[in-house]
Amino acid sequence: MNKLTQISILIKRLGRRTIAQKANRLLSLCIVVCTCVAASLGLFANSVQSALDNDIANYLGAPMVVRAEQALPIELFALDGIAPPVITASFTTGAIANNAYQSVSLKGVSDGYPLQGELVVRTVDGDAKLSANSLAIGSVWLDQRVIDELKIKLGEQIQIGRAWLTVTGVVVHEPDRLTQLQHALPRAMVRLETLAQTAVTSDNNRGEHRVLISGEKNEMVQLESLLAAAITYQYEVLKPGKGRHPFSRISVRAERMLNVILVLILLMWGGAAATLADHSVRNYAMPATVLRCMGVNRKAVAWALCLQLMLLALVMSLLGCLLAWLIQPMLINVMQPQMVLQVSNVAWRDFLGPIGIGLVTVVAFVVPKLQQLSSISVSSVLRGQIDKPKRRYLTPLCAGLVVFAMLWYSSDNMQLTMMLVGAVVFLIVLSIGFGWALSKASAQAHRLFRGPIKVAVRSIGRSPGRHITPLASVSIAMMAVLMTVTLRGSFLDVLQVQMLDIDGNYVYTGLPAQQRDNFMLAIESGSAELKGSYPTVSSRLVSINGVAIDDALTRESDTREETRSKVRLSWAENLPHNNRLLQGNWPTPGSKDVSVEYEVMSDLGLELGDKLGFQVADTLLTSTITSQREYQGGGSRMMFWFMFSEDALAPFEQHYMGGIMLDDNSQNVLSSISRNFPQVRIVDLERQITGIRDIMIVLTRLMNTTLILLLAGALMVITATSFVSASNRQRQSTLMRVIGLRRCQCYAMNITEQLVVGLVACLIGILGVQLIAGLMFQQLFALSYQLEWGSAVLVTALICATFVGLGWLFAFRQLQQPVKLS
Amino acid sequence: MKAILSAQSIKREVDTKSGLLRILDDVSFSLEAGESVAIQGASGSGKSTLLGVLAGLDIPQQGKVIMQGRDITVLDEDQRALLRADNIGFVFQSFFLIDDLTALENVALPLELFGRKNALAIATDWLTKLGMADRIGHFPRQLSGGEQQRVALGRAFAVQPAILFADEPTANLDTATAETVLDQLFSLQRELNTSMVIATHDNALAQRCDRVLHMHSGRLLAEL
C-alpha cells in the first residue's frame, strides 16, 4: 500500500478522534476566534479608515487638495477618473462699508466648492447647506463678524478691492477653515470670477491657491506623480494621511496601531496553538505508535494528522470569517452616531488574509510539533513513557520564515516587522530564561511547601520546557494588552492636547507686544480667559549654511511651503511643556542659537550645527541649530518650528498669539477686541473643534473595541495554555484524591500552579514591554513611552484573576470526575 | 473479633445506553483487623468497583459500608478523603506514582496531605526498609517496574493504614520481581497488623491471603 493511500485511510479513521480531542476542540475554537477577530478588525478598520478619511476629507474640503502660493496649472488635473477640480484662492484684503474697514480673508471659489464637507450659509431664507454654485457673480458671503463690524445687512453692498459686492449670505460653517489657519481673518467668500473683478490678486498680494480633487484612488496617485514631474515651484499635497494638517498624524498612527495589534494577536495565537500542539503530540503518541507497530509508515502517521489539522484549520477559519461578517453590523453600531459607517462590501479577497492566518498558525506552530511524532521511540511509548521528542531545527526554522513572511505581508512595513520580530524573539529568549530560572527556583522553593502546593510548585520546576510556550504566549498577550492600553492612553493624550478647551475656543494672532497688557485686561474684564500667550517674530527663512534657500533645497526633498514663505519665530526660557528635546541643548540666554522641530529638520535635511539665515524685517539673523525637539501636540495648538532664547529676538518687532476661552455669555468681548485692537485677528474654532471631538470619540471607541477584542484573544490564549497544564494534572489529581486529597487541597493545587505561571508570564510581559515599547513607540508612532504602572497592575491582576479562575474551574472539573482505581 | 470494615447489602448500578447495569448486587463483606482477603473473579465481575466502594471512593446506591464503626456512605467527599488519608493505603497495578515527584516525595506525599510532621524523615525510613535507600532521589521514570511498586508500597504503608487495598499489585511485574514485592507486602502487613483487601487474578497471590472470595456478575460468591 503506498503512502498516500495509507494517509487517506488514516485521515478517515482518525478523524473522529481528532475532533473529539479536547485540545483539538480548543485549537479549533482558537482558530475561529483568531480568524474572527482578525477578519472583524480588518473589515472594521477598513470601514473606520474610510469613514475617517471621509471625515478628514470633509475638513480638507476634498479627498485630496493641492496648495501653492501661485495659481496651479489646472490643465494638469484633467485626467480620466478625476472629477472636474474645484479651485479656491485666498487673499488678505479689506472690506469697506458705512465708512468702516475690516480686514478679511477673501476667498474665491469655483463651481462645485466644496467637493466634500458642508458649507453652511445663512441667507434670508435661513441656514442651508449650499455650494459655490449658489453664489452669484457680484455677490459675497461674509462671516457674521464682518457684518457686525461693518454694520451692514443682507442685501446691502460692500466694497472689496475695486468691486462693489452685494452681501447675500453669512458663512456659518466652512469645511476647510481649520486647515487655513494662516488666513485667520474673517471670511469673505466670492466666486472666482468676482475675485478677478476685485483685482486683489494683481497688486503683489500673496495668496494661497488650492485645487480640490476627488476621483479614483489610482488616478489620484497617478496625478501626484504627474504633478511632481510637472510643477517646478513649491506646492503641497494634503490628504487624510499626508500633509501638514491636524489629522494627518492621527490617520497614520491609527493605521499603524491596528497593524501592530493584528500582528501581536497573530503571535499570541501562534503561541497558544503551539502549546495545544505540544499536548496533541502526547495524546497522539500511543495511537501513532500502535499504528506504526501495525506497519504504517511513520511519516504517513504524522502527515495524516497534520493534514487533518490543516483541514480543520481551513473549516474553522471559514467559520471565523463567517462570524466576523455576522458581527460587523454590531461593531459598526458602536460608532454611531459620531461616525456613520457602512458595512463594507465584502469580497472573498478580504477573507484570504484571516483564512491564511488560521492555516499559517497551524502550519507554522502545530505541524512542526506533530512532525515530532515520527521521531518518538515506539518502545518507550509502549513502556508507558513518552520521551521528549527529538528536536528538529529545520522545520521550526522554515515555520519561523513563513511567520516572518506573513508578518511582513500583514504589516506592510519592514521597520514594524523587524521590530515586532525582534520583540518576540526577545520575549521568547526572556521566557526561556525565566522558564529555566523558574525551574531552578521551584526546585528549591518546593521544599518550603507541603502536600498539594508542593506538588504544584514541583511540577512547574520539573517541566520548565512545558511552560516555556505558555509563558511566551501569555507574556506576548500581556505585552500586547499593555502596549495597547499605553498606546491608547498616549494616543488619546496627544489628541487631547489638540482640544481647544486647553487652548481656548478662539485663537488670536498679531497682538503687538506693547498692547499685550491692555489686551489681557480687556479679556479678563470681559469674563473671558486667556489660554496661553506666545511671543512671535515674523520672518522668512532665506539661507541654510550660507546657501540661498532655493539653492540649498532640492525639489525632490519633501520641503514645506510654509518654511519657505513666512515663518513665525518664537522664544522661551525653557523647553515648552508640550515639547520634548530629542537631541542637543536648549538655546542659552544671550545666544543666537535655535531649536528646530524634528520634522522640519528632517524635511529640510538639517543637522545640529547647521546655520540658518532668517530675514527679519531688514535684518539677517543667522542662528546655529543647537537642538531638535518633538512637538507633542498638533492641530490648533500653537507650535513653532524655530525657537530661540529671548535675547536673540529682542531687537525685532514682536507680536503675540494664543488662545481665548469664551463662553456664550462673554461673546461681547469679541466686539470690544475688534474695536480696541483692530490689528488683532481672531478665529472662531468652536465648530471645527466639535468635529475634532467627534473624531476623537470615534477613535476612542475604535481603540476600546480593539482592546476588547485583544482581551478576548488574550483570554483565549490563557485558557488554551492553562488547559494543557490542567489536563496534565488530571491523572495526578485523581491519584491524589484516592490517597486522601481533599477538595480544598485540590483547588489550592490547581490555583497555585496557574497563578505561578500567570505571575511569571506577567512579569516577563512587563519586562518586555518596558524594554521594547519605548523604542517601538518612538519609531512607529513618534510618541514618548512611559509605562502606566496603574494599568500594568490592573492587567496583571486581570490576567492572574483569569488564571486563578481557570485553576478553580479545572479543579472543579477534576472533582466532578469519578475516582477510579484503574 | 470485631470487623474493622464491613459492607452490608451493597448495590451499585450504572446507567448505560442499553439500560441499567448492575455492577454490585447485594454484596455483603466483612474484614477483621490484621486479616488479608483476596477477591478473585473474571474481568468485569466487579472486583475493582467493590474495592472502590469499600475504600469510600464510590458510594453505593444501596447498603452500608462501615469502616471502624463509621458509616462512610453518609460522609461527604472531604470527610471520606480525610478518612482515606488517615486509615487507608492503596497499591495499584500500574503503580501510579506522580511523575513530577521523586521516590522520597511520592512516599512523603500522603503524610503531608494529612499534615504529618517529619514527613520526609518518615518517608526515608520507609524507603530504606524497602531497600530503596539509594533510589530516594530518583524520579519514577528512572525506576524499574519492581522499584516503582516498592515505592508505591512505601507510600501505602507510610501512613500506617488500618486497611490496605491492592488492585492487581503484581500484574505488571515479572514472576521473580512479583515474588519479592509480595514478600515485602505481606511482611509489612503482618508487622503493622494491617488489614488488607487484594483484587487479583493471581492464584498464588490469593493463596497467601487469609481468605479468598470470588466475584461473579457483581455477586460475591461463597468463600472457598
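Residues numbered from 1 in each chain as written. Chains lettered and ligands numbered in written order. Predicted model: local features only at pLDDT ≥ 70, side-chain atom pairs only at ≥ 80, totals over all residues.

Attention shifts here to the overall build of chain B. Along its length, chain B carries seven helices and 10 strands. For chain B, the proportion of its 224 residues judged to be buried stands at 53%. Of the contacts formed within chain B by residues at least 6 apart in sequence, a portion of 70% connects residues at least 24 apart. (Helix = DSSP H or I, 4+ residues; strand = E, 2+ residues; numbered from the N terminus. Buried ≥ 20, exposed ≤ 12 C-beta atoms within 10 Å, placed from the backbone. Contact = placed C-beta atoms within 7 Å.)

Next up on the list: the overall build of chain A. Secondary structure assignment for chain A yields 23 helices and 22 strands. Counting the 822 residues in chain A, one finds 48% classified as buried. Long-range contacts, defined as pairs at least 24 residues apart, comprise 85% of the intrachain contacts of chain A with a sequence gap of at least 6.

Residues and elements named next belong to chain B. Strand order across the open sheet formed by six strands is E6-E7-E8-E3-E9-E10, with mixed pairing between neighbours. Strand pairing shows two members of the sheet lacking a second neighbour, strand E6 (88–91) and strand E10 (219–221), which therefore form its edges. Each strand axis lies, on average, 25° off the axis of its neighbour in the sheet, ignoring direction. Pairing of strand E9 (residues 211–216) with E10 involves three bridges; the strand directions are antiparallel. The residue of E10 that forms the bridge with Met215 is Leu220. Against the sheet, helix H1 (residues 47–54) contacts strand E3 (36–41), strand E7 (163–167), strand E8 (195–199) and E9, and its axis sits at roughly 150° relative to E8. Packing against the sheet, helix H5 (residues 145–158) makes contact with E6 and E7, and its axis sits at approximately 170° to E6. (Pairing = 2+ DSSP bridges. Axes fitted to C-alpha atoms, helices over the stretch in contact; angles between N-to-C directions.)

The next subject is the packing of helix H3 (residues 103–113) of chain B against H5(B). Residues and elements named next belong to chain B. Contact pair H3 / H5: the axes reach a minimum separation of 8 Å and the direction vectors enclose 20°. Viewed along their axes, H3 and H5 adopt a mutual orientation that is roughly parallel. The chirality of how H3 crosses H5 is right-handed. Judged by residue contacts, Ala103, Asn106, Val107, Leu109, Pro110 and Leu111 of H3 engage Val151, Gly154, Arg155 and Ala158 from H5. Of the residues contributing to the contact of H3 with H5, the split by class is seven nonpolar, two polar and one charged. (Parallel < 35°, antiparallel > 145°, perpendicular 65-115°, else oblique. Left-handed = near helix turned anticlockwise from the far one by under 90°. Nonpolar A, V, L, I, M, F, W, Y, C, P; charged D, E, K, R; others polar.)

Let's shift gears to the interface of chain B and chain A. Each partner contributes residues to the interface: chain B has 24 residues there, and chain A has 23 residues. Counting residues per element, the ones that place at least two in the side of chain B that touches chain A are H1, helix H2 (77–87) and H3 of chain B. It is H2(B) that provides the largest number of residues to the side of chain B that touches chain A, a total of six residues. Here the residues of the side of chain B that touches chain A sort into 13 nonpolar, two polar and nine charged.

As a further point, take the environment of A:Thr5. Residues and elements named next belong to chain A. Following the sequence through the fold, Thr5 ends up in helix H1 (residues 3–20). Judged by the 10 C-beta atoms lying within 10 Å of it, Thr5 is exposed. Taking the C-alpha atoms as reference points, Thr5 and Ala300, separated by 295 residues in sequence, lie 9.2 Å from one another.

Okay, the sheet that holds strand E1 (residues 3–16) of chain B next. The strand order across the open sheet formed by four strands is E2-E1-E4-E5 (chain B), and the pairing between neighbours is antiparallel. Every interior strand has two partners, whereas the edge strands, strand E2 (19–32) and strand E5 (70–71) of chain B, have only one.

Residue and element names in this part refer to chain A. In this structure, the amide linkage connecting Tyr113 to the following residue, Pro114, adopts the cis form with an omega of -10°. On the secondary structure map, Pro114 appears in the loop between strand E3 (100–109) and strand E4 (120–123). Positive phi values are uncommon outside glycine, yet Asn545 reaches one of about 50°. Here Asn545 is to be found in the loop between strand E13 (529–544) and strand E14 (547–548).

Turning next to the confidence of the model for chain A. Residues and elements named next belong to chain A. Of the residues in chain A, 67% reach a pLDDT of 70 or more, and the chain-wide mean stands at 74. Per-residue pLDDT, averaged within each element of chain A, yields its smallest value for helix H14 (residues 500–503) (44) and its largest for strand E6 (residues 139–142) (93). Across residues 496–502, where pLDDT falls below 50, the model places 20 contacts with residues more than four positions away in sequence or in other chains. Counted against residues more than four places away or in other chains, residues 555–562, with its pLDDT under 50, gives 20 contacts. (pLDDT = per-residue confidence, 0-100.)

What follows deals with the nonpolar core. Counting residues in hydrophobic clusters, the biggest one holds 168 residues, and the most contacted among them are A:Met478 and B:Val197. Ignoring sequence-local partners within four residues, the contact set of B:Val197 consists of B:Leu31, B:Val37, B:Ile39, B:Leu51, B:Leu54, B:Ile163 and B:Phe165. (Core = buried A, V, L, I, M, F, W, Y, C linked by C-beta atoms within 7 Å.)

Residue and element names in this part refer to chain B. Side chains of E6 alternate between two faces, with Ile88 and Phe90 and Gly89 and Val91 buried alike. With four bridges connecting them, E6 and E7 associate as parallel partners. Considered in E7, the bridge of Val91 is made with Ala166.

A few words on the packing of H3(B) against helix H4 (residues 119–129) of chain B. In a packed pair of helices, the relevant descriptors are the angle between the two axes and the axis-to-axis distance. Residue and element names in this part refer to chain B. With their axes 8 Å apart at the nearest point, H3 and H4 run at an angle of 125° to one another. Of the possible angle classes, the one that applies to H3 and H4 is oblique. The two elements H3 and H4 meet at a crossing, and its hand is right-handed. Across from Ala103, Leu104, Val107, Ala108, Leu111 and Glu112 in H3, the residues of H4 making contact are Ala119, Leu120, Ile122, Ala123, Thr124, Trp126 and Leu127. Class assignment for the residues of the contact of H3 with H4 results in 11 nonpolar, one polar and one charged.

The next subject is the confidence of the model for chain B. Model confidence for chain B is summarised by a mean pLDDT of 87, while 98% of its residues fall at 70 or above. Scoring of the predicted complex yields 0.58 for pTM and 0.78 for ipTM.

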